[in-house]
Structures are given as structure tokens and as C-alpha cells.
Amino acid sequence: MTEPAPRGRTGKTRRPPTIHDVAAEAGVSRGTVSRVLQGGHNVSPAALEAVNAAIRKLGYVVNRAARSLVTQRSGSVAFLLTEPQERFFEDPNFVTLLRGCTAALADHDIPLILMTAGNEAERRRVTRYLAAGHADGVLLVSSHAGNPILAELRQAELPVVSCGKPLGHRGRLAYVAADDREGAKEMVRHLLDTGRRRVATVTGPQDTPGGVERLAGYREVLAEYGIPYDDRLVAEGDYSRTSGETATDHLLAQSPDLDALFVASDLMAEGALTALTRAGRTVPGDVAVGGFDDSPAALAARPPLTTIRQPWDRISEEMVRLLLAQIAGDDPSTVILPTELVVRDST
């Protein structure tokens, strides 16, 4: 049942405040109020403060439908994960990134639409929806090389910011990334500096930027220390816990003398710890283990994981900043953020 609209003292229905009411209350023009609502560009600090005070006092709420007719914008942004839906709930990094992007957009009063495109049918539905103008831009997460969704979004002339370097699209697409290669190098150096020499790795998928860059960092540090690269010490995972366990079983079968393991995500490292325990190997006594991300999985692991911390809050903030700049007409740009080694009990 619909609740009756609020009434004033005379018993008449009280209409919601309009942009004209806000302008009158603030003592500014309607155009100034409109500029404040669109981000505050070319508005003096005094006018900005007066308009925001009037909005609070009157309880003004933006009519998004009316605004979209004028601006030809939807007033929303899509968070697009190119993974199966179940991966969103399994991998804590995706939830952390979503939460950060939602908070950053909330500062601009912009809602976020969560979308997944983990298979061909989902990809077609998502691209049709986005190309129809239902979002002003896309925050793209977990992009794989060769996925046509990037080309389709660009063909639709949608502003896009990728989380991680988009393989095959550098220079043509905005992205925000942690420095995967340098983070991997710092971890492998740490493992070698503990006295280990048979350092194996479980890589991420080699069609993802993190998978490629973290393996490259591993190889570069081996060369620094004069240690030959050995294919038997390398196994590929898909960032899932199960793949980390399976890859570690494979490594132990091929190279039972391995004494350290760099795993390209904390979630895979949890699986690696399970495999090592089953094989009777102690951590860090027999095998030192390092992860990547500093996700909740790192603290939940037993023992707690030494890992590489990604600055997830800053990644979220920068992704939103670059996307809003593109929506406003700026050219695509990139940001690479430093990582940090966090030493815990697994090394």
C-alpha cells in the first residue's frame, strides 16, 4: 500500500524541493546549483558551501531521470567482473575492490552496478546492456587476454578503466595496477635471503597481467642470484584455492627437493599449504611459502602468510578517479602503485 505524501500545516500535500528552491535558498543562480550537482567545476568555494548547505536544509534529492534526459547520461557506473559468478564470492580481492569502488563513487553520489561476464552468453548480454547507455563508464576487473569484451566496450565508445594492465591494449586503455613485477621480485629475494635455493612458483593464469608480470619478476630475481630457471619448479594456477593445491602437488612430484614456494595469490597459497601438510612438509621449516595480495586469506592461513600487500583502497580510488575524468572528457591515463612486503610466520 502506497504511503500518503507528507502534508504541511494547511493540510496540502508538500511538494519536494526543486533546484529552483535550492538556488533561492543559497542566493545563487540555477546554473550554479546545476554545476555543483555535476561536480562543482567552476564554482567558487563560497557558492559551493552555500549550495551544499541549502541542499542539506531543504532535503533536496537529485531527480536522476530528469538529469539523464538533459545530460544524456545514466548517472551510474558498472563494476564488470569477467569471471564466473562463483569466483566473486570465493576470492576476497574482488569483494575488497567492489567495496572500495562503491565508497569512492558514493562521494560523488553515483551508484555502482555489479555485473559478471564469465561466459559467452553473459558477455553478449552485458555488452548489449552497456552499449545501450545504461552506464556512463565501466570499471573492468580480471580481464583476460583475447577476451573480446574490451574491444566491444571500446567500439561502444564507453569510458573504461581496467584493474591491472590490459594485455594487448596498452596505450589505448586506462588502467590502475599494483606493481606486480616489482612485488614478485621483492618476495623472491626475501625467500632467497632466508637461505633457500630451490624456489618454486605457482603462477597466475598466463593470459592475465598479474600472471605474466609476477612470473617475469620471479625469473628476473633468479637471474640476479645466478640461479638457472627450471621449468620443473613452475606450475600454473587460476587464482583459486583448489588450483593452488593441485599445482603444489604437481611441483612436489616433479621437484621433491624444493625448499621455498612463491605463490601468485594468497588464496592459491592456502591451497599450497594444504598440499604441503598432506605431503608431510612443515612450513616454514621444510618449505618457506610466500603469497601475494595481503588479502584476508593471508591472515586466515596456518601459519599466517608472508605476502605482498596490494594497496586495494588506493587502487579503488584511482580507478574511480580515472573513470570519472574520462566521463568528463579527459583522455585515458594509467597509474601504477607500489606494493609492500609483509613478513609473517610462513617464511
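The structure displayed is predicted, hence computed values, not measured ones. (Residues numbered from 1 in each chain as written. Predicted model: local features only at pLDDT ≥ 70, side-chain atom pairs only at ≥ 80, totals over all residues. Heavy atoms only, no water.)

**Re the overall build of the protein chain**
(1) Moving on: Within the protein chain, the regular secondary structure consists of 14 helices and 12 strands.
(2) Moving on: Counting only C-alpha atoms, the protein chain reaches 85 × 45 × 40 Å along its principal axes.
(3) Moving on: In the protein chain, buried positions account for 51% of the 347 residues.
(4) Moving on: Considering only residue pairs separated by 6 or more positions, the protein chain has 70% of its internal contacts joining residues 24 or more positions apart.
(5) Moving on: As displayed, the protein chain has an accessible area near 16800 Å², and 51% of this comes from carbon and sulfur atoms.
(6) Moving on: Distance from the positive charge centre (39 side chains) to the negative charge centre (44 side chains) of the protein chain: 8 Å. (Helix = DSSP H or I, 4+ residues; strand = E, 2+ residues; numbered from the N terminus. Buried < 20%, exposed > 50% of the residue type's maximum accessible area, 1.4 Å probe, protein only. Contact = heavy atoms within 4.5 Å. Areas by Shrake-Rupley, 256 points an atom, 1.4 Å probe, with all protein chains shown as cover. Lys, Arg positive; Asp, Glu negative; His and termini not counted. Charge placed at Lys NZ, Arg CZ, Asp CG, Glu CD.)

**Re the packing of aromatic side chains**
How two aromatic rings sit relative to each other is set out by the distance from centre to centre and by the angle between their planes.
(1) Moving on: Tallied over the entire structure, the rule returns 3 aromatic pairs.
(2) Moving on: Considering the side-chain rings of Tyr218 and Tyr229, the 6.5 Å spacing of their centres and the 75 degrees angle between planes classify their relative orientation as edge-to-face. Within this pair, whereas Tyr218 is found in helix H10 (residues 209-224), its partner Tyr229 is found in the loop between H10 and strand S7 (234-236), the two being separated by 11 residues in sequence.
(3) Moving on: The class of Tyr218 is buried, set by a relative accessible area of 0%. (Phe/Tyr/Trp six-rings, centres within 6.5 Å; stacked < 30°, edge-to-face > 60°.)

**Here we look at helix H1 (residues 19-26)**
(1) Moving on: Buried residues of H1: Ile19, Val22, Ala23 and Ala26, and no others. Seen along its axis, H1 keeps its buried residues to an arc of 100 degrees; they face one direction. Exposed residues on H1 whose side chains face more than 90 degrees from its buried face are His20 and Ala24.
(2) Moving on: Among the residues trailing H1, Gly27 stands out with phi positive, at a value near 75 degrees. (Arc of directions from axis to C-beta.)

**So, empty space enclosed by the protein**
(1) Moving on: A complete count under the given rule lists 2 cavities of 30 Å³ or more for this structure.
(2) Moving on: Volume-wise, the largest cavity comes out at about 410 Å³.
(3) Moving on: Taken together, 27 residues make up the lining of the largest cavity; nearest its centre are Cys163, Arg214, Tyr239, Gln310 and Trp312.
(4) Moving on: Looking at the lining of the largest cavity, the elements that each hand over two or more residues are helix H6 (92-106), strand S4 (160-163), strand S5 (174-178), H10 and helix H14 (312-327).
(5) Moving on: Its residues assigned to classes, the lining of the largest cavity comprises 11 nonpolar, 10 polar and 6 charged.
(6) Moving on: No fewer than three residues from each of domain 2 (77-178 + 313-338) and domain 3 (180-309) sit in the lining of the largest cavity.
(7) Moving on: Considering only enclosed or pocket space, the second largest cavity measures out at about 50 Å³ in volume.
(8) Moving on: In terms of lining residues, the second largest cavity is bounded by Lys165, Ala177, Ala178, Asp179, Asp180, Arg181, Glu213 and Ile336.
(9) Moving on: Counting only elements with at least two residues in the lining of the second largest cavity, the list comes to S5 and helix H9 (180-193). (1 Å grid on protein atoms, 1.4 Å probe; cavity = no way out; pocket = protein on both sides within 12 Å on 5 of 7 lines; lining within 4 Å. Points joined across faces, edges and corners; volume = space filled by probe spheres on them. Nonpolar A, V, L, I, M, F, W, Y, C, P; charged D, E, K, R; others polar. Domains from an automatic or database assignment.)

**Regarding the side chain of Ser316**
(1) Moving on: Looking at the element boundaries, Ser316 is found in helix H14.
(2) Moving on: Overall, the relative accessible area of 0% leaves Ser316 in the buried class.
(3) Moving on: When sequence neighbours within four positions are dropped, the list of residues in contact with Ser316 reads Thr96, Leu97, Gly100 and Cys101.

**Thoughts on the environment of His190**
(1) Moving on: With respect to the helices and strands, the residue His190 is situated in helix H9.
(2) Moving on: Ignoring any residue separated from it by four or fewer positions in sequence, one finds His190 in contact with Thr306, Leu341, Val343 and Thr347.

**What to know about the sheet that holds strand S6 (residues 199-203)**
(1) Moving on: Taken in spatial order, the 4 strands make up an open sheet running S7-S6-S8-S9, and their pairing is parallel. The outermost strands of the open sheet, each flanked by one partner alone, are S7 and strand S9 (288-290). Neighbour-to-neighbour, the strand axes of the sheet open up by a mean angle of 15 degrees, direction not taken into account.
(2) Moving on: Pairing of S6 with strand S8 (residues 260-263) involves 4 bridges; the strand directions are parallel. (Pairing = 2+ DSSP bridges. Axes fitted to C-alpha atoms, helices over the stretch in contact; angles between N-to-C directions.)

**Side note on the domain arrangement of the protein chain**
(1) Moving on: Looking at the assigned domains, one finds that the protein chain contains domain 1 (19-62), domain 2 (77-178 + 313-338) and domain 3 (180-309).
(2) Moving on: For domain 1 versus domain 3, the separation of C-alpha centres amounts to 54 Å.

**Examining the packing of H1 against helix H2 (residues 30-37)**
(1) Moving on: Viewed as axis vectors pointing N to C, H1 and H2 meet at an angle of 105 degrees, and their least axial separation amounts to 8 Å. Of the possible angle classes, the one that applies to H1 and H2 is roughly perpendicular. Counted together, Ile19, His20, Val22 and Ala23 of H1 and Arg30, Val33, Ser34 and Leu37 of H2 form the full contact between these two elements.
(2) Moving on: In the contact of H1 with H2, the residues fall into 5 nonpolar, 2 polar and 1 charged. (Parallel < 35°, antiparallel > 145°, perpendicular 65-115°, else oblique.)

**Some details on the pattern of salt bridges**
(1) Moving on: A complete count under the given rule lists 22 salt bridges for this structure.
(2) Moving on: Two residues, Lys57 and Glu25, come together in a salt bridge whose shortest N-O distance is 3.0 Å. Taken as a pair, Lys57 in helix H3 (residues 45-58) and Glu25 in helix H1 lie far apart in primary sequence, 32 residues in all.
(3) Moving on: You can call Glu25 partly exposed: its relative accessible area is 38%.
(4) Moving on: Arg232 is paired through a salt bridge with Asp230; the nearest N and O atoms lie 2.9 Å apart.
(5) Moving on: Judged by relative accessible area, which is 44%, Arg232 ranks as partly exposed.
(6) Moving on: What you see here is one network of salt bridges that share partners, running through Arg181, Glu182, Lys185, Glu213 and Glu220. (Salt bridge = Lys/Arg side-chain N within 4 Å of Asp/Glu carboxyl O.)

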